[in-house]
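What the coordinates show
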Amino acid sequence: MATININGTEHSFKDVDPTMPLLWALRDIAGMQGVKYGCGVGQCGACTVWLDGMATRSCQLKVGSLDGRSVTTIEGLSSGSLHPLQQAWIEHDVAQCGYCQAGQIMSAAALLERKPRPTDDDIDNAMAGNLCRCGTYGRIKSAIRAASETKMASDLFYDAMEAAEVSA
Amino acid sequence: MNKPQNTIASTDRRDFLKVSLGLALTSTGSVSMMSFASATASGSLNAYVHIDTDGSITIFGPNPEVGQGVNTSLPMIVAEELDASWDDVVCKAAPVAQQYGMQFAGGSLSIPMRWDEMRKVGAIARDMLCQAAAKDWEVPKDQLVTNRSVVSHPPTGRQAPYSDLVAAASLLPVPAQDTISLKTPDQYRLLGKRVPNASAQDIATGKPIFGIDASTPGMVYASFVKCPAIGGVAKSANLTAVKSLPGVIDAFIVDGTPGPYNFDIRESFAVQSGVAIVAKNTWAAFKARDSLEVQWDLSSASTDDSDVIEAQALAALASEKMQSEIERTGDVDTAFATASLTVDATYSTDFVSHAQLEPQGVLVSAATADVQVWTSSQTPVFITQNLSKLLDVTPESITVHQLRGGGGFGRRLSNEYVFEAALISRRIGAPVKLQWKREDDMAFDYFRAPTYYRLQGAIDRNGKLTGWKNLVAAASADGEKANYGAGYRAFDFPGKVIPNVAIGQSFVPSKTPTGAWRAPISNVYAFAEQSFIAEMAHNADQDHRDFLLDAIGDQGWIKEGDMASLNTERARAVIETATKAAGWGRKLAEGRGLGLAFFLSHSGHIAEVAEVSVEGKRITVHDVWVAADVGQVVNLSGLENQLQGSVVDGLSTMAAQTITIKNGAIVQSNYDQYPLLRMPQSPRVHVEVVDSGYRPTGAGEPALPPLAPAVCNAVFNACGERIRALPISKAGFTIV
C-alpha cells in the first residue's frame, strides 16, 4: 500500500493495483480530476503534475512506487488566491477547449520555480512536452512572460518583507 | 500577443442599488426565472435568462462548447441587447431540450444561426424590465434607458437594478417580436470587445467540467475493444479468463449493429461489434485488455490499404478517367486550345485523424427507465432520438447533459461512443463511464478523407486566367458517390468566376469511415487551389497577389445576400490587408520566402501570408499574418484566439500527420506516431480583423484552409521546390 502526500494531505491507496498509473489513481480513486488523460504514453503532457516539485507525466508513474512521495496537482498549485500563472492564463484568455491547460500550467509553474525569468528558449524547451491541438502556444508564452513579471515583483516584495522582519 | 488593450473593465458597482426581490421565486426562494416566447416562432417556451436576487444574471448558452468559445460569445449577444453588465453575467450550458432548437456545434454555424434569436432574447428581456419599471414609476416606457443591468428614468432620476424589476417583469405578457427594436452596431457596448472565455477560471484551476470528468453514484468503468480491421465482428473471446482478472466486474461481447459505418450524424445509431470490459476503475478495464483474446470474423471487414487507394487515385487522374461531371461552364476546350500558357499539376492529401486532446468518453445510465447521458458531444440534439431507437425507450425518458468538450474539430459530431456506452450500461445494469483509449480514438475515427486533384489552367495572351479544369479522384464506399469529405464541393470560385470551367470526378474504392474534419473539403481543396494559382502566376511571370486578385475579379457578391457566397470586395480587402501587414514585395534574405493564400469557407473571407526560411529540407515558419472578415465581431479575443489557433493547427496537420491503413486497420495508434506541432515549432501569428459590417459568421474553421497553401507558396519562394502532397513530410520536409 502506498501513502502519497497529495497537495499537503496524506492519501493511502489501499487495495489499489500498484501498477495503476498515478493519473488514474488521482482521477478515479482520489477524485482529483484536474489532471487529464490524453495519450497514456507520456507524449501529450495533459496529465502533468509535480512529483517532489518536479513536473512529470502522471501516466508514466506507477502508484505503488510512490510511497512517501509528494505530489502537487493543479488543485493544489495555489492555496486561497490564484497562482500568478492562473491569473495570467485568465487575463490572456489562453484557453480554447482548455483540456490541456492544467498540464500546461503545471509545466509552466515548475519552470518559473526553477527559473523565475525564463528566456523565450527556456519557455519553448520547458513547454515542448505539452501538446495543444487548439494551438494556443502563443498565448501560453505571453501568459508565462506576464506571470514571470508578476511573480518576480511579488517575490521581491515578500523577500523585502522577510528581510524587514528579520532585521526587526 | 500583447496584453489585451480593449478588455472590459471591472468597474461596475452593482451593490449600490441592491434592493430585495419579492416575487416569482422558485422553491429555493432565491431565484427568479424569466421565460420568453420562442424567438424562432415554434410556439414553445425558451429560457435563456435568469436574474437572481443578488444581481447575477445567468445566461444559458444553447450550443455545445468544444473550445470555439460559443458559451461566451452567444451569451454576449444576449447581454448586449439586454444591456446587462458583463460582470453580472454567469454563462452556463443550457440543458438539452427541444425549446433550445438545434443544439449542435458544427459548420462554424453557432453564431450565424443564433444571431437573430440571441439578440431578440436579450431585447425582449430588456423590454419587459423597462415595462415593469414604467408601470411601477408611472412614467412613459420610451423615456427609460438601460445600462449595466440598471433601468433609469433620467427626467426623475429614478433607477433600479434588473434584479429589483425581474419579479414584476416576469409576470408581464411577452411582447411580440415585431414590437422589439434591436440595436444598431454603433450602439454596441460589449460586442467587438475582448472578453475572456467564461470558463477561463474553471479551466485554469482544474475544475471537473469536461466530458471525461462526469460521475454519478454507482457508476462503473468500461473499455470497449473493437476489431482493428474496421467492420470486423467479434465471434468469441476468452471472457472467463478476463472476468477473473482483478478489478474486472464483467466482460461480454456486444453484437453491434450492421454496417456500413457511414458518417450519418442525424439518423445513425450504429455500433460496431466488440468486447466490453467493465471494471471498478478505468485502469483495471484498460489493463484487462492486455489479457483479452478475441476471434474476429473478418468477412465484412474493410480491407483498405492506403497505398493502394493513393496509387489508384493517382492513376485515375493520370489517365484522365472521369465517371461523372460536377460542374461545367463556358467552353473549356476552346479556352485551352487558344491559351498561350497552360499549367497542369496534381495535388494530394492523406487521411488524417482528429486527434483532439480529450479521447472519446461518456457517462451513460441506461439501467433504469430514466436514461441519463453526460457527454461532450457536438450534436447532443441528435442523441435523444437515436438513443431512443437503439434502446427502444421513449425520447421523453432520456436526459442529455452537455459538458465541455476537450476539442471537437468535427470528431464529436458522431455519437457512436454514446450508443456503445448505452448498450453496455443496459447489459450491466449500472451507470457506465466508457473511456476510449487514445489508441481507440485514433483507430476508430471518422477520418479526414484523402483527396486527389488534377488541376489545369489556361492563361490567354493577355496573361488572364480563362480556363480551369479540375479532375477529382474521390474515395468511395459504393463507387457511386464520394465518401464524406472526399472529392469536391461546388465552390463559387472558380465555377462562378472563371469563364470556362470543367470539374469532374472518378471514384476509388475505400471502406474506411470518413467524416467532418475542421473545414471539410475546404481544408484540403484550398491547398490545391491556392498552390496552383501561385504556380500559374509564377509560370506566367506575374506577381502572385496581382494574379490572384485578377482571377477573383470584381463582381462583388456572387450570390447577393448569401453570406456563404463569395464577395470579391471582401476577398480583395483581406488579401490587401494581409499582404500589406506582411510587407508583400519586400526584399528577403537568401532562403527566405513569403507566401500568400486566400480562401472563403464557412462564410469567412480569410487571407494569410507566411514567412518561412528553408535550410535543406528544414522549414522554419517565422510569422503568419492573418486577415479575416467574418462580419460583425462578437468577442474579439475569442476571434483572435480562433484565428491564431487555426494557423497552428493547420501547420500541425500539414507537417507530418498521416493516417496509413493496412488490411483495413489503422497503422498509427498514438501521438508518438502521429505528431502534433509543439511550441518550439509554432510561428508568431499576427491577426488583422477586417470588420466589413456584415452579419457575423463563424470563426472556428475558415482560417485553417489558407494556411497550408500560404506556407507551401512561401517554401517555393524560398527554395524553388513546389510541394504538391500533404503532409510535407512525404517530400522529406520537416517544420522546425
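Residues numbered from 1 in each chain as written. Chains lettered and ligands numbered in written order. Predicted model: local features only at pLDDT ≥ 70, side-chain atom pairs only at ≥ 80, totals over all residues.

Observations concerning unusual backbone geometry
Negative phi values dominate among residues other than glycine, just as trans dominates among peptide bonds. Residues and elements named next belong to chain B. For the record, the criterion: Each helix is a run of DSSP H or I of at least 4 residues and each strand a run of E of at least 2, with the numbering of both proceeding from the N terminus.
Omega for the peptide link from phenylalanine 493 to proline 494 comes to 5 degrees, which places this bond in the cis form. As for its position among the elements, proline 494 is in the loop between strand 20 (465-476) and strand 21 (500-509). Note the cis peptide between leucine 726 and proline 727, where omega equals 0 degrees. Note on placement: proline 727 falls in the loop between strand 28 (725-726) and strand 29 (734-735).

Describing the sheet that holds strand 4 (residues 54-57) of chain A
Residues and elements named next belong to chain A. Which entries qualify depends on this criterion: Only strands joined by at least two bridges in the DSSP assignment are considered to pair. Think of each axis as a best-fit line through the C-alpha atoms, taken over the contacting stretch in the case of a helix, with angles from 0 to 180 degrees between the N-to-C directions. Note on contacts: each residue gets a C-beta atom placed from the backbone, and two residues are in contact if those atoms are within 7 Å.
Spatially, the five strands line up as an open sheet ordered 2-1-5-3-4, and their pairing is mixed. Every interior strand has two partners, whereas the edge strands, strand 2 (9-13) and strand 4, have only one. The average angle at which neighbouring strand axes cross in this sheet is 40 degrees, direction not considered. Two elements, strand 3 (residues 48-51) and strand 5 (residues 70-72), share two bridges in a ladder whose sense is antiparallel. Note that in strand 5 the partner of leucine 51 across the bridge is valine 71. Running at roughly 35 degrees to strand 3, helix 3 (residues 101-114) makes contact with strand 3 and strand 4 of the sheet.

Overview of helix 14 (residues 568-582) of chain B
Residues and elements named next belong to chain B. The criterion, for reference: By this rule, a helix spans an expected 1.5 Å times one less than how many residues it contains. Three exposure classes are used. Buried residues have 20 or more other C-beta atoms within 10 Å of their own C-beta, exposed residues have 12 or fewer, and partly exposed residues fall in between, all C-beta atoms being placed from the backbone.
When the terminal C-alpha atoms of helix 14 are compared, their 21 Å separation across 15 residues agrees well with the 21 Å that a helix rising 1.5 Å per residue should span. Taken together, the buried positions of helix 14 are Arg570, Ala571, Val574, Ile575, Thr577, Ala578, Thr579 and Ala582. Looking one or two places after helix 14, you find glycine 583, whose phi comes out positive at around 70 degrees.

Remarks on the domain arrangement of chain A
Residue and element names in this part refer to chain A. Note the threshold: These domain limits were set by an automatic method or by a database of domain assignments.
By the assigned domains, chain A splits into domain 1 (2-76) and domain 2 (84-167). Relative placement of domain 1 and domain 2: their C-alpha centres are 22 Å apart. Counting residues at the interface gives 15 residues for domain 1, matched by 12 residues for domain 2. Broken down by element, the residue count for the side of domain 1 that touches domain 2 peaks at three residues, all from strand 3.

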